[in-house]
Amino acid sequence: MEDKKVIWITGASSGIGKALSIKFANEGWTVAASARRENLLKELNQENESIHPFPLDVTNVDQCKKVFKDIIEKFKNVEISIFCTGIHDPKSEKEFNLEKIKKIMEVNYFGTINSIDAIYKYYDEKKSGQISIVSSVAGYRGLPAAGAYCASKSALTSFAESLHFEMKRKNVRVTLVSPGFIKTPMTDQNDFPMPMIKSPEFAADQIYKGLIKKSGFEIHFPKAFTYFLKFLRILPNNIYFKFVEKGMKKIN
Ligand SMILES: NC(=O)c1ccc[n+]([C@@H]2O[C@H](COP(=O)([O-])OP(=O)(O)OC[C@H]3O[C@@H](n4cnc5c(N)ncnc54)[C@H](OP(=O)(O)O)[C@@H]3O)[C@@H](O)[C@H]2O)c1
């Protein structure tokens, strides 16, 4: 029986998920770390033996179930499951591309849903613990040249809200993570200035603090940026569109 608390983190091979794995391991947790690139997960394990590789492609429903079963068999109890997988393809988003849109939905939305499918019964019966979904401020409103990414994230945000109602009755906390710009391989693809961009370690600290708190739904950061976007969310469409178009002209 493990006496350290256990967290399952997907998207752990890179960026935010990797920084979060290191943060939780440094805080004394056992981390079950998932992503496709097993070599990177093994490197993490070599650096910190509390991080255990559980390679996984989240688009494979059966693999999600098998991996979670393996995690439970090994550690018996999982306190937090956080789903941090995601892809973005800014170049393909400049024009309509059906295949790329489907791919982004498949990984970002259905990949997370497949992961939730794997843990649902466990938390349903456990009646404690936490399920966390990493979405984005890109889920607040549609942004230019990011239709597929924004749609996948707004779907996740709505799903997390619905899951909150369902799981609250079962004493399981659901949290939603909405980061602003964080410097990772994902945002390294962007060819525009990213306001208030922060490091993955900053993101990991914010997420850690939000997850270990007793209550609260949304973990969003950096606050100066996210509160501004929350304000844009409540603007009428015509004002919002004009505001964003003006901003885009300045960037281009
Ligand atoms: N960076 C930002 O500014 C930002 C802002 C808001 C939200 N987010 C969200 O934060 C999350 C992490 O993003 P990041 O910036 O840290 O990006 P990243 O460095 O590119 O990391 C993405 C992670 O997802 C994993 N992944 C991708 N496809 C997968 C699949 N099919 N199966 C399993 N794992 C898969 C990758 O691992 P493998 O390639 O090894 O599978 C990697 O570990 C994403 O959900 C992203 O949308 C990021």
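Calculation rules
- Residues numbered from 1 in each chain as written.
- Predicted model: local features only at pLDDT ≥ 70, side-chain atom pairs only at ≥ 80, totals over all residues.
- Heavy atoms only, no water.
- Near = heavy atom within 4 Å.
- Polar contact = N/O pair within 3.5 Å; in protein donor to acceptor, adjacent residues only side chain to side chain.
- Areas by Shrake-Rupley, 256 points an atom, 1.4 Å probe, with all protein chains shown as cover.
- Helix = DSSP H or I, 4+ residues; strand = E, 2+ residues; numbered from the N terminus.
- Nonpolar A, V, L, I, M, F, W, Y, C, P; charged D, E, K, R; others polar.
- Axes fitted to C-alpha atoms, helices over the stretch in contact; angles between N-to-C directions.
- Parallel < 35°, antiparallel > 145°, perpendicular 65-115°, else oblique.
- Left-handed = near helix turned anticlockwise from the far one by under 90°.
- Contact = heavy atoms within 4.5 Å.
- Pairing = 2+ DSSP bridges.
- Expected span 1.5 Å × (residues − 1).
- Buried < 20%, exposed > 50% of the residue type's maximum accessible area, 1.4 Å probe, protein only.
- Arc of directions from axis to C-beta.
- Phe/Tyr/Trp six-rings, centres within 6.5 Å; stacked < 30°, edge-to-face > 60°.
- Lys NZ or Arg CZ within 6 Å of the ring centre and 35° of its normal.
- Salt bridge = Lys/Arg side-chain N within 4 Å of Asp/Glu carboxyl O.
- Right-handed = clockwise from strand over helix to strand, strands pointing away.

Enquirer: I tried to follow the site of the ligand on my own but got confused; where do I start?
Expert: Lining the immediate environment of the ligand, one finds 30 residues, of which Ser14, Arg36, Tyr149, Ile182 and Thr184 sit closest. The side chain of Ser13 places a nitrogen or oxygen atom 2.8 Å from an oxygen atom of the ligand. Ile182 is positioned with one of its backbone polar atoms (N or O) 2.7 Å from an oxygen atom of the ligand. For the ligand, whose free accessible area comes to 880 Å², the fraction covered by protein is 95%. For the shell around the ligand, the secondary-structure elements that each account for two or more residues are helix H1 (15–26) and helix H5 (147–168). Broken down by class, the residue content of the shell around the ligand amounts to 15 nonpolar, 11 polar and four charged.

Enquirer: Looking at this structure, how should I read the packing of H1 against helix H6 (residues 200–212)?
Expert: Helix-helix packing is characterised by the crossing angle of the two axes and by the distance between the axes. Relative orientation of the contacting elements H1 and H6 amounts to 60°, with a least axis distance of 8 Å. In terms of orientation, H1 and H6 fall into the oblique class. Both H1 and H6 take part in a crossing whose hand is right-handed. Judged by residue contacts, Gly15, Ile16, Ala19, Leu20, Lys23 and Phe24 of H1 engage Pro200, Glu201, Ala203, Ala204, Asp205, Ile207, Tyr208, Leu211 and Ile212 from H6. Looking at the contact of H1 with H6, its residues break down into 11 nonpolar, one polar and three charged.

Enquirer: What am I meant to see in the sheet that holds strand S2 (residues 30–34) here?
Expert: Across a sheet, paired strands are connected by hydrogen bonds in the backbone, their directions being either parallel or antiparallel. The strand order across the open sheet formed by seven strands is S3-S2-S1-S4-S5-S6-S7, and the pairing between neighbours is parallel. The sheet is open, and its two borders are formed by strand S3 (51–53) and strand S7 (218–221), each paired with just one other strand. Geometrically, the sheet is characterised by an average inter-axis angle of 20° between neighbouring strands, direction not taken into account. Two strands pair when backbone bridges link them, and strand S5 (residues 130–134) and strand S6 (residues 173–179) are joined in this way by five bridges, in the parallel orientation. By the bridge assignment for S6, Ile133 is matched with Leu176. Each of strand S1 (6–10), strand S4 (80–83) and S5 is contacted by helix H4 (residues 98–126), which is oriented at about 170° to S4, the strand it contacts most.

Enquirer: Would you mind going over helix H3 (residues 61–75) with me for this structure?
Expert: Since one α-helical turn is 3.6 residues long, residues separated by three or four positions face the same way. The terminal C-alpha atoms of H3, which comprises 15 residues, lie 21 Å apart, in line with the 21 Å expected from a rise of 1.5 Å per residue. Looking only at H3, the buried set comprises Cys64, Val67, Phe68, Ile71 and Phe75. Each buried residue of H3 lies within a common arc of 95° when the element is viewed along its axis, so the set occupies one face. Exposed residues pointing more than 90 degrees away from the buried face of H3 are listed as Asp62 and Lys69.

Enquirer: Would you explain the packing of aromatic side chains in this entry?
Expert: Between two aromatic rings, the relevant description is the distance of the centres plus the angle of the planes. Within the structure shown, the criterion is met by 14 aromatic pairs. What links up through ring pairs into an aromatic cluster is the set Trp8, Phe68, Phe83, Tyr122 and Tyr123. Above the plane of the ring of Tyr208 lies Lys23, whose end atom (NZ or CZ) is 5.0 Å from the centre.

Enquirer: Mind showing me how you'd approach the pattern of salt bridges here?
Expert: Where side chains of opposite charge bring their charged atoms close, a pairing between them can arise. A complete count under the given rule lists 13 salt bridges for this structure. Among the salt bridges present, the one from Lys103 reaches Glu106, with a minimum N-O distance of 3.7 Å. With a gap of three residues between them, Lys103 and Glu106 both fall in helix H4, about one helical turn apart. On the basis of relative accessible area, Lys103 is assigned to the partly exposed category, the value being 40%.

Enquirer: Mind showing me how you'd approach the environment of Glu43 here?
Expert: Position of Glu43 among the secondary structure elements: in helix H2 (residues 38–47). Spatially, the C-alpha atoms of Glu43 and Ser13 are 9.2 Å apart, while their sequence positions differ by 30 residues.

Enquirer: Would you mind going over the environment of Asp188 with me for this structure?
Expert: Looking at the element boundaries, Asp188 is found in the loop between S6 and H6. With 142 residues separating them along the chain, Asp188 and Gln46 place their C-alpha atoms 26 Å apart.

Enquirer: I tried to follow the pairing of S1 on my own but got confused; where do I start?
Expert: The side chains of a regular strand alternate, first on one face of the sheet and then on the other. S1 sits mainly inside the fold: five of its five residues count as buried. Here S1 runs beside S2; their pairing, made up of five bridges, is parallel. Paired with Trp8 across the strands is Ala32, a residue of S2. Crossover handedness for the path S1 to H1 to S2: right-handed.

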